[in-house]
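Read off the chains here:
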Amino acid sequence: MSVVVVFLLVIAGISAWWLSRQRLLSKPWLEQGAPDLLDGPEAAIPTQKIGLGVFLAVVGCLFALFASAYFMRMEVSDWRAMPLPRILWVNTGILVLSSVALQIAVVASRRDQLDTTRLALVTGGLTALVFLAGQLLAWRDLTDSGYPLDANPANSFFYLLTAMHGLHIVGGLVALARTTYKAWGAAPRERLQLSVELCAMYWHFLLFIWLAIFVLLAGWAASFVDICRQLLT
Amino acid sequence: MVDVTPRTVAEIPPAEVPDVELYHPHSWWTTYVFSQDAKVIAIQYSGTAVAIGLVALVLSWLMRLQLAFPGTFDFITAEAYYQFVTMHGMIMVVYLLTALFLGGFGNYLIPLMVGARDMVFPYANMLSYWIYLLAVLVLVASFFAPGGPTGAGWTLYPPQAILGGTPGGEQAGIILMLSSLILFIIGFTMGGLNYVVTVLQGRTRGMTLMRLPLTVWGIFTATVMALLAFPALFVASVMMLFDRVLGTSFFMPALVEMGEQLSYGGGSPILFQHLFWFFGHPEVYIVALPAFGIVSDLISTHARKNIFGYRMMVWAIVGIGALSFIVWAHHMYVSGMDPYFGFFFATTTLIIAVPTAIKVYNWILTLWRGDIHLTIPMLFALAFIVTFVNGGLTGLFLGNVVVDVPLSDTMFVVAHFHMVMGVAPILVIFGAIYHWYPKITGRMLNEALGQFHFWVTFVGAYLIFFPMHYIGLVGVPRRYVELGDTAFIPASVHTLNEFITIAALVVGFAQIVFLFNLFWSLRHGREAGGNPWRATTLEWQTPTTPPPHGNWGKHMPVVYRWAYDYSVPGAPQDFIAQNDPWPARPTVPG
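The residue numbers shown here count from 1 along each chain, following its written sequence. Chain A is the first chain written and ligand 1 is the first ligand written, with later ones labelled in order. Residues qualify for local features only when their pLDDT is at least 70, as the model is predicted, and side-chain atom pairs are given and counted only at 80 or more; totals for whole chains, interfaces and linings, by contrast, use all residues.

### Comments concerning the overall build of chain B
Where helices and strands are cited, they refer to DSSP runs of H or I of at least four residues and of E of at least two residues respectively, numbered from the N terminus. Helix and strand counts for chain B stand at 15 helices and two strands. The C-alpha atoms of chain B give 25 Å as radius of gyration, which agrees with the globular expectation for 590 residues (25 Å, within 12%). Considered along the principal axes of its C-alpha atoms, chain B spans approximately 85 × 50 × 50 Å. Here, residues touch in the contact sense if the C-beta positions derived from the backbone fall within 7 Å of one another. Put simply, of all contacts in chain B between residues at least 6 apart along the chain, 81% involve residues at least 24 apart. The globule rule is 2.2 Å times the number of residues to the power 0.38, and the radius of gyration it is compared with is taken over C-alpha atoms.

Written out as structure tokens, the structure reads:
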């Protein structure tokens, strides 16, 4: 469970930093009035972004727990590591492209270049679809070459983690489709910009999660943990 | 010398918080059914939770009947008994307590108490309820599935949970259970995001975090915890579903069943326990923290005194929330783990007693020399403190490895957790309903019926669970469908079991009085007015009662003070509302 405990420490650190700015040492029973000093929420960050941030923390926790389970299950003797299909490298590249496209969309929407925004949004969506197709191909490769889901826990985790990540991409595609629709509609500029930024934020996060999963499945994470362990003992 | 001269303002700067656009319902359906108003969603959540909770109550009766009069009821077979145990536990913990505190009270109180018009994402909030309802329906469906619901115990430990020997293990029962949990978690996440972000972003002008009522602090912290803890249950459920449906071996070791080697192999049941309790222990505090918060407000209001040590209360809530994530393995002392590992978890477990004790002392010091009004909400709040201390003390026993090992599988544990996370939070829920019912409906609940309900429930709960500690100490194991003729179990245990069952039946039936009161008072209750308890918090200051969609009418409230200005010397009355600019002259916000 060390992965998820480390993850929670990070969350706790962020929460503590945030709480430390909330005047927790103030004496509210002595303070009256002055709403200008005692301002309410920080209005600088849009609510939707905060909402997405909290959601990403939940998603991060989910995958940290999967990683914890992965490491714990790995220690049992029946674990047989599985070769990673080559196509995963291609898929990773495509997902990076998808993220880059959405980042371009963010920049373009800030500069009010509507055509570039539209093009980048569509590119981002299509590359994400290609990534999903690529993941399905990877599944087919594996089952064909004798690595079915239930043969070994390493295989099971491969299918489980890629499926969970893929489902999150599918959810993101729904939001992206709505944003793209907005880009062709008459939505006010700020709204469109916010939606594009939210999509990009989610995409970058899912790319990060994918890279973490990739490192985990390739076995590099385990070797890294081993090195750390040796350094500590 | 601390300067206590109140700072006042001559004029109020324009709002930093933009007023929100609300979705305005156009038809009966969008007003009362597919409503995006947090208050309607709160009622929907509460109604559903109470309805399924009543099912769990009946299940507990059936269990008690079996324990007191084994063999009398033909339809309570061993399988059925385990199904009752499982469904009773799961419903009460997840579908009743979590849903009612966060989905019910969270939805109703957060926007009103922080001074918002609604939750920040009303559409997701509405979806949250409908997914919760779907989860409940899937759960209920398992009662009618072939083989019935799962009988794996509420902890659903593998490997037994998905094997043929357990009711529902090889039929649909366990699949429906896991699916229902997955749905619940998805739905809860949607609602939880709302509760957290509304507290972060939706507060009205002047409402700093340190001016929030403790109810909001409790619900807020509990929601943050739930958002981080429920994923563990999600992961465990998904992986077990894979084991059951797709034949993987995440949790399933090599097994021989009925002389036949199963295809599973190598899986780790302990892994499941880690995941489950990583959710399961924070879950205790997910239920307890909102209760702590609500009780603080009830006590302060009905003792007409400011809460003692507000800052300490806030820190204790946050501290308990953080600590509760590093104690999970104290549920696993008997799983064969390394004793040093157990020692670590025993230490963290006992450390939680410190912030918890701070809270109890502060409640008592709030009561000290207060102008205590023994209203029904106050009675329930006082009953909570007593019960929570009782249940907490037996927790100190069970938190220690050497004491826990012999007691672990006895009725002592059942008595402990029913006191601390069954009876105690339920008492707060009752108190909170008596307290806020006038705001929700505009009418008071009937006092005489309330007195009857309180005394029967309070005394009855002790008659049920106090003797159970004794039964556990004698060594009576839990989870046994019947005890049979066992040498170490004295006859007094059987007598006590009958006594407990009769008490449980009486307490259960007394809840009918409460339900009757809820419906009867809708029409016939005394008119409450806007602020019958003369409370300071914002929800009592709405222009109309019950508050309409949007809560505040034309002008958003502006907050001038913390939530506990009771009996302030020199003030015109014994409370000063949070939006009362006294001693400055009231100014109209712009």
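### Details of the overall build of chain A
Counting its secondary structure elements, chain A contains seven helices and zero strands. Starting at the N terminus, the α and β elements of chain A follow one another as α-α-α-α-α-α-α. The C-alpha extent of chain A, read off along each of the three principal axes, is 70 × 50 × 25 Å. Comment: burial labels come from other C-beta atoms within 10 Å of the residue's own C-beta, placed from the backbone, where a count of 20 or more is buried, 12 or fewer is exposed, and between is partly exposed. Here chain A, with 233 residues, has 36% of them falling under the buried criterion. For chain A, contacts bridging at least 24 residues in sequence account for 81% of all contacts bridging at least 6.

### Here's the deal with the interface of chain A and chain B
Facing 42 residues of chain A, the contacting portion of chain B comprises 59 residues. Mapped onto the side of chain A that touches chain B, the elements with two or more residues apiece are α1 (2–20), α2 (47–74) and α5 (153–184) of chain A. Here the element with the most residues in the side of chain A that touches chain B is α2 of chain A; it accounts for 13 residues. In this classification, the charged set is Asp, Glu, Lys and Arg, the nonpolar set is Ala, Val, Leu, Ile, Met, Phe, Trp, Tyr, Cys and Pro, and all remaining amino acids, among them Gly, are polar. Taken together, the residues that form the side of chain A that touches chain B break down as 27 nonpolar, eight polar and seven charged.

### Section: the confidence of the model for chain B
All names here are of chain B. The pLDDT averaged across chain B works out to 91; a share of 95% of its residues lies at or above 70. The predictor attaches a confidence to each residue, and that confidence, scored 0 to 100, is pLDDT. Long-range and interchain partners of residues 1–16, a stretch whose pLDDT sits below 50, account for 31 contacts in this model, where long-range means more than four residues apart. Model confidence for the complex: the whole-complex pTM is 0.94, and ipTM, which rates the interface, is 0.94.

### A few points about helix α4 (residues 122–144) of chain B
All names here are of chain B. Given the number of residues in a helix, its expected span is that number minus one, multiplied by 1.5 Å. Between its first and last C-alpha, α4 extends 34 Å over 23 residues, near the 33 Å set by a 1.5 Å rise per residue. If you check which residues of α4 are buried, you get Pro-122, Ala-124, Asn-125, Met-126, Ser-128, Tyr-129, Tyr-132, Ala-135, Val-136, Leu-139 and Ser-142. Each element contacted by the buried residues of α4 is listed here: α2 (38–68), α3 (78–114) and α5 (173–201).

### Quick look at the nonpolar core
All names here are of chain B. If you look at the biggest cluster of nonpolar residues, it comprises 247 residues, and the most contacted ones within it are Val-235 and Phe-380. At 25 residues, the largest contribution of residues to this core is made by α3. When residues of this core are sorted by domain, at least three fall in each of domain 1 (35–250) and domain 2 (531–590). Any nonpolar core is a set of buried residues, restricted to Ala, Val, Leu, Ile, Met, Phe, Trp, Tyr and Cys, that join up through C-beta atoms within 7 Å. Note that the domain bounds reflect an automated or database-derived domain assignment.

### Quick word on the environment of Phe-279 of chain B
Residues and elements named next belong to chain B. Tracing the backbone shows Phe-279 in helix α7 (residues 269–302). Assessed through the 25 C-beta atoms surrounding it within 10 Å, Phe-279 is described here as buried. It is 23 Å that separates the C-alpha atoms of Phe-279 and Val-428, two residues lying 149 residues apart in sequence.

### Notes on the domain arrangement of chain B
Residue and element names in this part refer to chain B. By the assigned domains, chain B splits into domain 1 (35–250) and domain 2 (531–590). Placing the centre of domain 1 and that of domain 2 at their C-alpha centroids yields a distance of 35 Å. On the domain 2 side, the residues contacting the 14 residues of domain 1 number 15 residues. Of the residues that constitute the side of domain 1 that touches domain 2, the class distribution is six nonpolar, three polar and five charged.

### As for unusual backbone geometry
All names here are of chain B. The peptide bond linking Pro-158 to Pro-159 adopts the cis configuration, its omega dihedral lying at 0 degrees. Along the chain, the position of Pro-159 falls in the loop between α4 and α5. A positive phi angle, near 50 degrees, is found at Arg-534, a position not held by glycine. Here Arg-534 lies in the segment after α15 (491–524). Among the residues examined, Arg-534 registers 14 C-beta atoms within 10 Å and is labelled partly exposed. Here the phi dihedral of Asn-551 falls at roughly 65 degrees; this positive angle occurs in a residue that is not glycine.

### Structural notes on the packing of α1 of chain A against α2 of chain A
Residues and elements named next belong to chain A. Relative orientation of the contacting elements α1 and α2 amounts to 155 degrees, with a least axis distance of 7 Å. When the interaxial angle is binned, α1 and α2 end up roughly antiparallel. Residues Ser-2, Val-3, Val-4, Phe-7 and Ile-11 of α1 touch α2, and the partners they reach there are Ala-57, Gly-60, Cys-61, Ala-64, Leu-65, Ala-67, Ser-68 and Phe-71. Among the residues making up the contact of α1 with α2, the classes are represented as ten nonpolar, three polar and no charged. Angles shown run from 0 to 180 degrees and are taken between the N-to-C directions of axes, each axis being a line fitted to C-alpha atoms and, for helices, limited to the stretch in contact. Orientation labels follow simple angle bins: below 35 degrees gives roughly parallel, above 145 gives roughly antiparallel, 65 to 115 gives roughly perpendicular, and whatever is left gives oblique.

### Quick look at helix α3 (residues 87–110) of chain A
Given a rise of 1.5 Å per residue, 24 residues ought to cover 34 Å, and the 35 Å separating the end C-alpha atoms of α3 of chain A matches this to within 8%. Residue Asp-112 of chain A follows α3 of chain A closely and has a positive phi angle near 70 degrees.

### Some thoughts on the environment of Leu-398 of chain B
Residues and elements named next belong to chain B. Tracing the chain through its elements places Leu-398 in helix α11 (residues 376–399). Between the C-alpha atoms of Leu-398 and Leu-350, which are 48 residues apart in sequence, the distance is 10.0 Å. Filtering out sequence-adjacent residues up to four positions away, Leu-398 remains in contact with Val-403, Asp-404, Leu-407, Val-413 and His-416.

### Some thoughts on the packing of α7 of chain B against helix α10 (residues 353–367) of chain B
Pairs of packed helices are described in terms of their axes, by the angle between the two and the distance that separates them. Residue and element names in this part refer to chain B. Running from amino to carboxyl end, α7 crosses α10 at an angle of 15 degrees, the nearest separation of the two axes being 10 Å. Taken together, the axes of α7 and α10 are roughly parallel relative to one another. Pair α7 / α10 crosses with left-handed handedness. For the pair formed by α7 and α10, the contact residues are Phe-292, Val-295, Ser-296, Ile-299 and Ser-300 on the first element and Lys-359, Trp-363, Thr-366 and Leu-367 on the second. In the contact of α7 with α10, the residues fall into five nonpolar, three polar and one charged. Throughout, a crossing is termed right-handed when the near helix is turned clockwise from the far one, and left-handed when it is turned anticlockwise from it by less than a right angle.

### With respect to the environment of His-204 of chain A
Residue and element names in this part refer to chain A. Inspection of the secondary structure assignment puts His-204 in helix α6 (residues 189–218). For His-204, a count of 15 C-beta atoms within 10 Å corresponds to the partly exposed category. Residues His-204 and Met-74, 130 residues apart in the sequence, show an inter-C-alpha distance of 28 Å.

### Description of the confidence of the model for chain A
Residues and elements named next belong to chain A. Residues of chain A with pLDDT of at least 70 account for 96%, and the chain-wide mean is 90. When the elements of chain A are averaged for pLDDT, helix α7 (residues 220–232) gives the smallest value, 79, and α3 the largest, 96. Every residue in residues 37–41 is under pLDDT 50, and counting partners more than four places away or in other chains gives 15 contacts.

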